[in-house]
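Notes for the structure review
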Amino acid sequence: MSTPDSVKYSNTPSATENVFGVGLKDAKRQSRTTALLDVGQSVSGLILGLFLFCHMAFTGSVNFGKDLFANLIATSGGAFIDGEEHMWMHVLFVGFITLTVAVHAFCALRRFPTSYHQFRDIKAHWHLLKHEDTSLWVVQIVTGALLFLFVFTHVMPMLFNPQSFDPNLIGVHTYHTGMLYTFIFLVITELHGMIGLYRLAVKWEIFAKNPDSNLIDQRERVGDRAGLRKTMLFVALAMIVAGTLTAYKNYSIGAEQVQNNMESQRYTITEGNAWYK
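Residues numbered from 1 in each chain as written. Predicted model: local features only at pLDDT ≥ 70, side-chain atom pairs only at ≥ 80, totals over all residues. Heavy atoms only, no water.

Our focus in this paragraph is helix α7 (residues 116-129). For α7, which comprises 14 residues, the first-to-last C-alpha distance of 20 Å matches the rise-based estimate of 20 Å (1.5 Å per residue) to within 8%. One or two residues past the end of α7 sits K130, with phi positive at roughly 50°. (Helix = DSSP H or I, 4+ residues; strand = E, 2+ residues; numbered from the N terminus. Expected span 1.5 Å × (residues − 1).)

The geometry of helix α8 (residues 132-160) relative to helix α10 (residues 179-203) is characterised by a closest axis approach of 8 Å and an angle of 130° between their N-to-C directions. Considered as vectors, α8 and α10 are oriented oblique to each other. Where α8 crosses over α10, the two elements pack in a sense that is left-handed. Here the residues of the contact of α8 with α10 are counted per class, giving 14 nonpolar, eight polar and two charged. (Axes fitted to C-alpha atoms, helices over the stretch in contact; angles between N-to-C directions. Parallel < 35°, antiparallel > 145°, perpendicular 65-115°, else oblique. Left-handed = near helix turned anticlockwise from the far one by under 90°. Nonpolar A, V, L, I, M, F, W, Y, C, P; charged D, E, K, R; others polar.)

We now examine the side chain of T246. Its place among the elements puts T246 in helix α11 (residues 221-259). Among the polar contacts listed, one links the side chain of T246 to the side chain of N63, at a separation of 3.0 Å. Leaving out residues up to four positions away in the same chain, T246 has contacts with T59, G60, V62 and N63. (Polar contact = N/O pair within 3.5 Å; in protein donor to acceptor, adjacent residues only side chain to side chain. Contact = heavy atoms within 4.5 Å.)

With that out of the way, let us pick up the nonpolar core. Counting 13 residues, the largest nonpolar core has L136, M194, Y198 and M232 as its most contacted members. For this core, the elements supplying multiple residues, two or more each, are α3 (32-60), α10 and α11. Of all the elements, α10 adds the most residues to this core, at six residues. Membership of the second largest hydrophobic core comes to eight residues, among which are I73, V155, L159 and F165. (Core = buried A, V, L, I, M, F, W, Y, C linked by side-chain atoms within 4.5 Å. Buried < 20%, exposed > 50% of the residue type's maximum accessible area, 1.4 Å probe, protein only.)

Next up on the list: the packing of aromatic side chains. Scanning all chains against the criterion turns up seven aromatic pairs. Aromatic side chains F58 and F69 sit 5.6 Å apart centroid to centroid with 75° between the ring planes, which places their arrangement in the edge-to-face category. Highlighted residues: F58 in helix α3 and F69 in helix α4 (residues 66-76), separated in sequence by eleven residues. Classification of F58 as partly exposed rests on a relative accessible area of 23%. (Phe/Tyr/Trp six-rings, centres within 6.5 Å; stacked < 30°, edge-to-face > 60°.)

Moving on to the packing of α7 against α8. Between two packed helices, what matters for the description is the angle formed by their axes and the separation of those axes. Between α7 and α8, the least distance of the axes is 9 Å, while the angle of their chain directions is 145°. In the packing of α7 onto α8, the handedness of the crossing is left-handed. Contacts from I122, H125, W126 and L129 of α7 reach α8 at T134, S135, W137 and V138. Of the residues contributing to the contact of α7 with α8, the split by class is five nonpolar, three polar and no charged.

Below, the discussion takes up the environment of P157. Of note, P157 is situated in helix α8. Setting aside residues no more than four positions away along its own chain, P157 makes contact with F152 and S164.

Before going further, it helps to spend a moment on a nonpolar patch on the surface. A surface patch of nonpolar side chains, amounting to about 560 Å² of accessible area, comprises V39, V43, I47, F93, F96 and W204. Listing elements by their share of the nonpolar patch, those giving two or more residues are α3 and α6 (87-108). Relative to the helices and strands, W204 resides in the loop between α10 and α11. (Patch = residues over 30% accessible without salt bridge, like charges linked within 9 Å, V, L, I, M, F, W, Y side chains within 5 Å. Areas by Shrake-Rupley, 256 points an atom, 1.4 Å probe, with all protein chains shown as cover. Salt bridge = Lys/Arg side-chain N within 4 Å of Asp/Glu carboxyl O.)

A low pLDDT means the predicted coordinates there should not be read in detail. Of all residues in the protein chain, 83% have pLDDT values of 70 or greater, and the mean over the chain is 85. Of all secondary-structure elements in the protein chain, the lowest mean pLDDT belongs to helix α2 (residues 15-19), at 61, while helix α9 (residues 167-177) reaches the highest, 94. Note on residues 215-220: pLDDT is under 50 here. Beyond four places in sequence and across chains, it has seven contacts. (pLDDT = per-residue confidence, 0-100.)

Right, here's the structure in full:
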């Protein structure tokens, strides 16, 4: 049974009521598809954002030696099961990440402007408000569009050639790809991921809210958001620095392999340092 119009329109909602959605139970329902896409974008984005930290720790291990990196690669390949590295496990994991990226991209496409007028409105909105979160949203749109050009070319070789999971071969790939390309891809990925995690935290309201208090009285929470935003930018910078060091290490390994005419030679773990043999 719906609420009668005499009750529904008897009160003009305040700003606080509008922000906290008071009375939305009487609003016309939209398709559930929009909500499902929104949840899909958030869940896939959270998975990928957390994966960036794991990926950085995993690849960054090469800075402590090829043996450590090679042992971690073997671990991800299931060597802890029977002492042998299984290529299909690499394919399975990379396939899962690739699928998650595809789902995230599909769900996020509806957020992209699709016409000149929408681009113009976004630009006007951005310049008018001069708001930090709006600026971060624009950065995320730009980096998201650029990732379409980078991410699939990054994962496809690993998906179809799991034998390339090797300290030497990864170094050779980085050497031929070039430090400039690798650095650009790194910056785009980390900015998009860290901003995305920040926006996810804001979107799903990790800050305490009290709909019974006046909206104007809740402005002190802006400080909480600003602190989280600064933390996010610091973490993004730290990830970029760490990723750059790892990329340079891989580049140096690749350069050495190329100079010694051993581009296709896989790395053999030093005797006594293998975890599973």
